[in-house]
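Residue-level listing of the chains:
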Amino acid sequence: MRRTAVALTLLAALSCGSFAGSQAVSAASASAGGGVGGGGRGTNILVVGIDSRAGLSAAEKRRLHVGGKGCNCTDVMMLVHLSQNRRRASIVSIPRDSYVEYAATAPATAPARSGKINGAYALGGGPLTVATVEKATGLRIDHYLETGFTGFEQTVDNLGGATVCTDRPLKDENSGLDIGAGRHLADGNRALRYVRARHVNLRPGDLGRVRRQQRVVDDLLARLTAEGALAGPISTARTVRTLLKTVRTDARTGLDDLVRIGWALGRLRADRTEFATVPIRLFDHRVPGVGSTLVWDEARSAALWAALGADRPITGDTRIQPAAENPAPADPARIAVRVDDAEVAAALRGSGFVVTDTSATAPAVRPSGSPVIRYATGQEDNAATVAAALPGSRLQVDPELDAVVEVTVGSRPVQVRSVTFDRNVADGAPVTAERLRCAEAPAAAGAVRPGSAVEPSGRR
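Just so you know, these numbers come straight off a predicted model, no measurement behind them.

## Details of the packing of aromatic side chains
The tally for this structure, following the rule as stated, stands at 1 aromatic pair. With a centroid separation of 5.7 Å and 50 degrees between ring planes, the pair formed by W296 and W305 is classed as tilted. The side chain of R212 reaches across the aromatic face of Y194, ending 6.0 Å from its centre.

## Some details on the side chain of Q213
Within the secondary structure, Q213 is located in helix α7 (residues 206-226). A distance of 3.1 Å separates the side chain of Q213 from the backbone oxygen of V195, its partner in a polar contact.

## A word on helix α11 (residues 342-350)
For α11, the set of buried residues is V344, A345 and L348. What you see down the axis of α11 is that its buried residues fit within an arc of 100 degrees, all on one side. The exposed set on the far side of α11, more than 90 degrees from its buried face, consists of E343 and G350. In this structure D341 caps α11, since a side-chain oxygen of it lies 3.1 Å from the backbone nitrogen of E343. Count one or two residues on from α11 and you reach G352, which has phi positive near 105 degrees.

## Here's the deal with the sheet that holds strand β3 (residues 89-93)
With respect to topology, 7 strands assemble into an open sheet ordered β11-β6-β1-β2-β3-β12-β22, the strand pairing being mixed. Only two strands of the sheet have a single neighbouring strand rather than two, namely β11 (248-249) and β22 (431-432). Pairing analysis gives 9 bridges linking strand β1 (residues 43-51) to strand β2 (residues 73-82), with the strands arranged antiparallel. For I50, the partnering residue across the bridge sits in β2 and is T74.

## Quick notes on the pattern of salt bridges
Taken as a whole and assessed by the stated rule, the structure comprises 16 salt bridges. The partner of E298 in a salt bridge is R281, and the shortest N-O contact between them spans 2.9 Å. Here R281 lies in strand β13 (residues 280-287) and E298 lies in helix α10 (residues 298-309), a separation of 17 residues in the sequence. Take R281: its relative accessible area is 42%, and that puts it in the partly exposed class. A salt bridge links D317 to R319, with the shortest nitrogen-to-oxygen separation between them at 3.1 Å.

## Concerning the nonpolar core
Formed by 32 residues in total, the largest nonpolar core has its most connected members in L46, I94, V133, W305 and I314. Sorting the residues of this core by element identifies β1, β2, α4 (120-137), β14 (291-296) and α10 as the ones contributing at least two each. Each residue touching W305, except ones within four places of it in the same chain, is listed here: L79, V92, I94, A136, T137, L139, V278 and W296. In this structure, I373, A387, V409 and V419 belong to the second largest nonpolar core, which totals 22 residues.

## Description of the pairing of strand β20 (residues 405-408)
Bridge count between strand β16 (residues 336-339) and β20: 3 bridges; the pairing is parallel. Within β20, the position partnered with V337 by the bridge is V405. Bridge analysis of strand β18 (residues 372-375) against β20 gives 3 bridges, and the strand direction is antiparallel. Residue V372 lies in a different strand from β20, and its bridge partner there is T408.

## Describing the sheet that holds strand β19 (residues 394-397)
Hydrogen bonds between backbone groups are what pair the strands of a sheet, and the pairing can be parallel or antiparallel. If you trace the 5 strands from one edge of the open sheet to the other, you get β17-β16-β20-β18-β19, paired in mixed fashion. A strand with exactly one partner marks an edge of an open sheet, and here the two such strands are β17 (354-357) and β19. Neighbour-to-neighbour, the strand axes of the sheet open up by a mean angle of 25 degrees, direction not taken into account. The sheet contacts of α11 involve β16 and β17, and relative to β17 the element is tilted by about 165 degrees.

The rules behind each value
- Residues numbered from 1 in each chain as written.
- Predicted model: local features only at pLDDT ≥ 70, side-chain atom pairs only at ≥ 80, totals over all residues.
- Heavy atoms only, no water.
- Phe/Tyr/Trp six-rings, centres within 6.5 Å; stacked < 30°, edge-to-face > 60°.
- Lys NZ or Arg CZ within 6 Å of the ring centre and 35° of its normal.
- Helix = DSSP H or I, 4+ residues; strand = E, 2+ residues; numbered from the N terminus.
- Polar contact = N/O pair within 3.5 Å; in protein donor to acceptor, adjacent residues only side chain to side chain.
- Buried < 20%, exposed > 50% of the residue type's maximum accessible area, 1.4 Å probe, protein only.
- Arc of directions from axis to C-beta.
- Pairing = 2+ DSSP bridges.
- Salt bridge = Lys/Arg side-chain N within 4 Å of Asp/Glu carboxyl O.
- Core = buried A, V, L, I, M, F, W, Y, C linked by side-chain atoms within 4.5 Å.
- Contact = heavy atoms within 4.5 Å.
- Axes fitted to C-alpha atoms, helices over the stretch in contact; angles between N-to-C directions.

By themselves these figures say nothing about function.
Structural data, given as C-alpha cells:
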C-alpha cells in the first residue's frame, strides 16, 4: 500500500505536546542544503511533540487527561528519512529519556552539557533540539515540525479518527487508557490516551509506547491512502492544508516542500516504509540531577545512523539488530516458574528464570510425552519464553493459575536451552509497515463510529 511523507512526518508528531511556535532549523542544517531538491543522501525530517500545558484550561486538562505540570520539553521525537531515490522511508523514534550531550549554546566556550534529549527544547527550543539531534546522530536535519496535545486531538478528529489495536487489554491510569483486545476506531481523545500511555500493564515504559505511536501512524496512513486523500498533488495539498491547521513547521519548510515530499512517497509500498526505535543498552541509567535515563547501544545505534547517512535500508541489517540464536519475548529474570523436576529446575535457574523446585511433590509416574507448560491468560509472552528454553514443550492455558508459569515434566528427556531476551527486539526492532499495522486494513471513513470497537474480522 502506498505511503506519503506528508502523513508520515506530520502524523508521526501526533503523540503529545503543545506547540510553542515555529522554530528555525540549525545553522548547520541551513548551510547543508537538503530538502527534496537539496544535496546529500536523502532528506531528513525531525518531528516532535511538546509536553506543555500552557494555554490549556482546567477543563481541557481533564478532558485530555493531562493533569500535572508540563516540562516544556519534547515528549515525542521521530526522525523521518526519505531516500534519495524516493523509494523508501525510514522512521526512527528517539525515546525522550535518551541520555545525550547537548549541542553548544551561547557562549560557545561553555562546557558541554548532557541530559535527556527531551530537555534540549527547554534550553533552546527547536533550534537547539535540531542541533542536538544532529550532534547525537551525525545526520543533517532538513526540515522540522512540531505539534501538541490539542493539535494531536484535532488532527485525528479532522481526519475521521485513528485505528488503534492491541492483542490484549491495555490499561493506564495516568493517561486514562482503558481498551480491550482488538481493533478500535478512536477519536482524537482516545487516540491521545493510547499513544501517551507509559504505565500500561504490558511492558511499561517508553519503548512500548513508541511502538503504539508507530502503529497509529501506519494505520492512519493506510486509511488516508485508501480513501484517496494522498493520491496526487492536488489531493495531497488539500490534506496538507488540513494538517497544517494543527501542526507547525520551521521557516524553511513550506506547503510546496511537504506536497513534493508527499507526492514522491505516495508510490511507496508498505514494505518500503520502515519503523524502528534507537537501540538501547541501559534502560535505567541513573544520573545525579537528571534521574533515570536511557543509554543508546553505541555500536548498534552508530550502525543505524550510518545506514541512514548512507541511504541504506535499516530492516535486515544485523549490525543494527543482531539475530539471537534463541530469542525470547520476555525477560527470564522477571518470570516465576514452578518446575516439578529438580534437574530441569536447576537448568532453568541457571538460564536466569526465577524458579521454585516442586520435585518433592511430583508424581512417582511421569505423564507420557514432552513437558507441559501451563500459564494464565495474559502470561503468553512469559509462557513462550519458557517454551523457548524447553524445545518441544506443549502450551496449555490454565485459568486457575496466577502470574506463575508451571512446568510439568513428562516421560521424554528434556533439553534446556539458553534464551536471549532483548527489549530492543520486543519493542523497537526495525520492521516494515505491513508487519507493524493492525491485523486488518482500517475501515473506510464513516464505516465505524470513532470510539467504537471493531472486531478482528472487520465487522462490528
